[in-house]
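# Observations on the model geometry
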Amino acid sequence: SAPKLKEQPKKIAVIGGGIGGTAAAYFLRQEFGPSVKIDVFEAGPVGGRLATENIRGHDYEIGGSIIHPLNLHMKHFVDRLGLSTRAEVPSKVAIFDGKELTFEESDWFIVNFLRMLWRYGLNSIRMHMWVEGILDKFMRIYQYQQFGYSFSSVERLLHAMGGDSFLMLLNQTLEEAMLANGFSQVFINDIVTPISRVNYGQSVRLSAFVGTVSLAGANSGLWAVDGGNKRVCSGLLYNSKAELIQARVVSVSVKMRPSRSGTVANFYELNYVGDSGPAHSLYDIVIVATPLHQGLSDISFSGFSPPIPSHFPGRYHQTVATLVLGRLNMSYLGSNHKPADFVVSEILTTDNEALAINSLGSLHPVHIPQGYRQPPASESKVWKVFSQEPLSEEQLGEIFVSREGVWEKRWLAYPSYSPPQRRMPPFTLHDRLFYLNTIEWAASCMEMSAISARNMALLAHHRWHDQTDKIDQEDLHTRLRGEL
Ligand SMILES: CC(C)=CCC/C(C)=C/CC/C(C)=C/CSC[C@H](N)C(=O)O
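Criteria and cut-off values
Residues numbered from 1 in each chain as written. Predicted model: local features only at pLDDT ≥ 70, side-chain atom pairs only at ≥ 80, totals over all residues. UniProt positions renumbered as here; feature names shortened; annotations may be inferred. Helix = DSSP H or I, 4+ residues; strand = E, 2+ residues; numbered from the N terminus. Rg over C-alpha atoms; globule rule 2.2 N^0.38 Å. Buried ≥ 20, exposed ≤ 12 C-beta atoms within 10 Å, placed from the backbone. Contact = placed C-beta atoms within 7 Å. Near = placed C-beta within 6 Å. Nonpolar A, V, L, I, M, F, W, Y, C, P; charged D, E, K, R; others polar. Pairing = 2+ DSSP bridges. Axes fitted to C-alpha atoms, helices over the stretch in contact; angles between N-to-C directions. Expected span 1.5 Å × (residues − 1). Core = buried A, V, L, I, M, F, W, Y, C linked by C-beta atoms within 7 Å.

In the nomenclature of an unreviewed UniProt entry, the protein chain corresponds to Prenylcysteine oxidase 1 from the organism Pygocentrus nattereri. The Cofactor (unreviewed entry) field of the UniProt record for the protein chain holds the comment "FAD". Per its UniProt entry, the protein chain bears the Subcellular location (unreviewed entry) comment "Lysosome".

Below, the structure is given as structure tokens:
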């Protein structure tokens, strides 16, 4: 017979209003129903690392910008919230080694195909198949979550998807994994490195799991949300009927108090500071949806045994996004193209100590107006430059022949990945205190946060109702085979 459910929780707190926190509010509402009060604490703008910058009346993505066609949670959110995908604008990629463009995509598929075949043999096709194979296993998570299964750690979640081979991907570099799979060093240097640099600001010495996510992020069919990706966050918040509390959480402490049945139950007290000064509230369940790392949050946890640190080991990688409205200097790229003929939109870079930038791309507004066309480099347009350090006037002067405006955003964007991966913090910090962002140590992107958010809601539900048979089950892939 079905297990008897106890009363639903009364109050749940989510700390963080980015994609993870707002998706958690949405899934918590699904799991716990209409009566529970859900508060989302966010001191900054809703959306977190999904953010836009307004330039001359148009918004441009300045944070997380691309979504994979098989990112099913993100697709579901967009459908459910009545949003749409941004119109596609054809784009062309080039690779820059600091001196010249070593590769330039042609308009013709067959030309690109033959060029890659000539230079790298079957490496390119094999890479596609390798990543597809990993993606196939990755997709299992959607079935597990559909059936209500949850995981208490990132390692267990990854193991359920892809077994030991997925855990191995955490503990070797992308370069090691690709060499072991027979890819050539030249191909890794020329093609794979530029993709790692644009997507994660790091070389192919990042861990292989996030490395393959990065390669998936170079697939065709990538998409974004019309009007800006952050609209998903505000939409999820609204749809979840959660209350947004614009305040910074400074501490979480565990409180014991007698329950109606005479036993003791844990409560969590949140102390926070908003515009109207300090305040505090009690919650049955708390989801931490912000990275517990230096520079990103500073929450003290008191009364917990074992103690919970404010900051876990490991650091976040700085990526500076500089938007420039201006005209590109073709000679910076060592190119003798006429600017009027240059319509390459993404310029990726190889590893080169002397190079100040990780990538340079021309941006389209978050909403593509009718009749929009990709302007050539001879026209002033919005470029996004990724670098690890802020760019100096002199550096900007080398890249652009003219600048009408410069907007800079320094992100602690994603973890600095250096395998072997130390043990990641658990999803469960205490009985009913959960940590969503630990998943970023496997790979940081919108869909990973959404997967973690669903896992948080399921885990919180199963913990609350003592449904341990839905947590950390082994061999789900075999057990669910044949189920719809
Ligand atoms: C394990 C594999 C091969 C794929 C998992 C599926 C997945 C999560 C794909 C996402 C790919 C993607 C869009 C990556 C973006 S990284 C760029 C940047 N850091 C960002 O978040 O926008």
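From this point, the discussion proceeds with the structure in view.
### Brief notes about the overall build of the protein chain
In terms of helices and strands, the protein chain carries 13 helices and 19 strands. Relative to its length of 484 residues, the protein chain is compact, with a C-alpha radius of gyration of 23 Å against a globular reference of 23 Å. By principal-axis analysis of the C-alpha atoms, the protein chain measures approximately 80 × 55 × 40 Å. Expressed as a percentage of its 484 residues, the buried residues of the protein chain come to 42%. The long-range fraction of contacts in the protein chain, counting pairs at least 24 apart against all pairs at least 6 apart in sequence, stands at 73%.

### What about the site of the ligand?
Lining the immediate surroundings of the ligand are 21 residues, of which Gly64, His68, Asn199, Gly217 and Cys445 lie closest. Among the elements of the structure, helix 4 (123-138), helix 8 (185-200), helix 9 (208-216) and helix 12 (446-464) are those that each provide at least two residues to the shell around the ligand. Considered class by class, the residues forming the shell around the ligand number twelve nonpolar, eight polar and one charged.

### Some points on the sheet that holds strand 13 (residues 316-328)
Through backbone hydrogen bonds, the strands of a sheet pair up, either in parallel or in antiparallel fashion. Read across the sheet, seven strands follow the order 6-5-14-15-16-13-17 without closing on themselves; strand pairing throughout is mixed. At either end of the open sheet lies a strand with only one pairing partner, and these are strand 6 (101-104) and strand 17 (400-415). Taking the axes of each pair of neighbouring strands and ignoring which way they run, one obtains an average angle of 20° across the sheet. Relative to strand 17, strand 13 runs antiparallel, the two sharing 13 bridges. By the bridge assignment for strand 17, threonine 322 is matched with glutamate 408. Taken strand by strand, helix 8 contacts strand 5 (93-96), strand 6, strand 14 (346-349), strand 15 (357-362), strand 16 (381-387) and strand 17, and its axis lies near 110° from that of strand 14.

### Re helix 1 (residues 19-32)
With 14 residues, helix 1 extends 20 Å between its outermost C-alpha atoms, agreeing within 8% with the 20 Å of an ideal straight helix rising 1.5 Å per residue. Here helix 1 lies mainly inside the structure; twelve of its 14 residues are buried. By the burial criterion, the buried members of helix 1 are Ile19, Gly20, Gly21, Thr22, Ala23, Ala24, Ala25, Tyr26, Phe27, Leu28, Glu31 and Phe32. Here the buried face of helix 1 lies against strand 1 (11-15), strand 2 (37-41), helix 10 (230-239), strand 11 (285-288) and helix 12.

### What to know about the sheet that holds strand 2
In space, the six strands of this open sheet follow the order 7-2-1-11-19-18, with mixed pairing throughout. The sheet is open, and its two borders are formed by strand 7 (243-245) and strand 18 (428-430), each paired with just one other strand. Along the sheet, successive strands turn relative to each other by an average axial angle of 25°, direction set aside. Strand direction decides the pairing type here: strand 1 and strand 11, joined by four bridges, are parallel. Looking at strand 11, one finds that valine 14 is bridged to isoleucine 287. Where helix 1 meets the sheet, it contacts strand 1, strand 2 and strand 11, and its direction lies at approximately 175° from that of strand 2.

### Observations regarding the nonpolar core
Counting 131 residues, the largest nonpolar core has Val14, Ala24, Val286 and Phe434 as its most contacted members. Broken down by element, the residue count for this core peaks at eleven residues, all from helix 12. Valine 286 has contacts with Ala13, Ile15, Val252, Tyr268, Leu270 and Leu433, leaving out every residue within four places of it along the chain.

### Notes on the environment of alanine 453
By secondary structure assignment, the location of alanine 453 is in helix 12. For alanine 453, a count of 27 C-beta atoms within 10 Å puts it in the buried group. Residues alanine 453 and threonine 350, 103 residues apart in the sequence, show an inter-C-alpha distance of 35 Å. Excluding its chain neighbours within four sequence positions, the residues that come into contact with alanine 453 are Gly20, Ala23, Ala24, Phe27 and Leu436.

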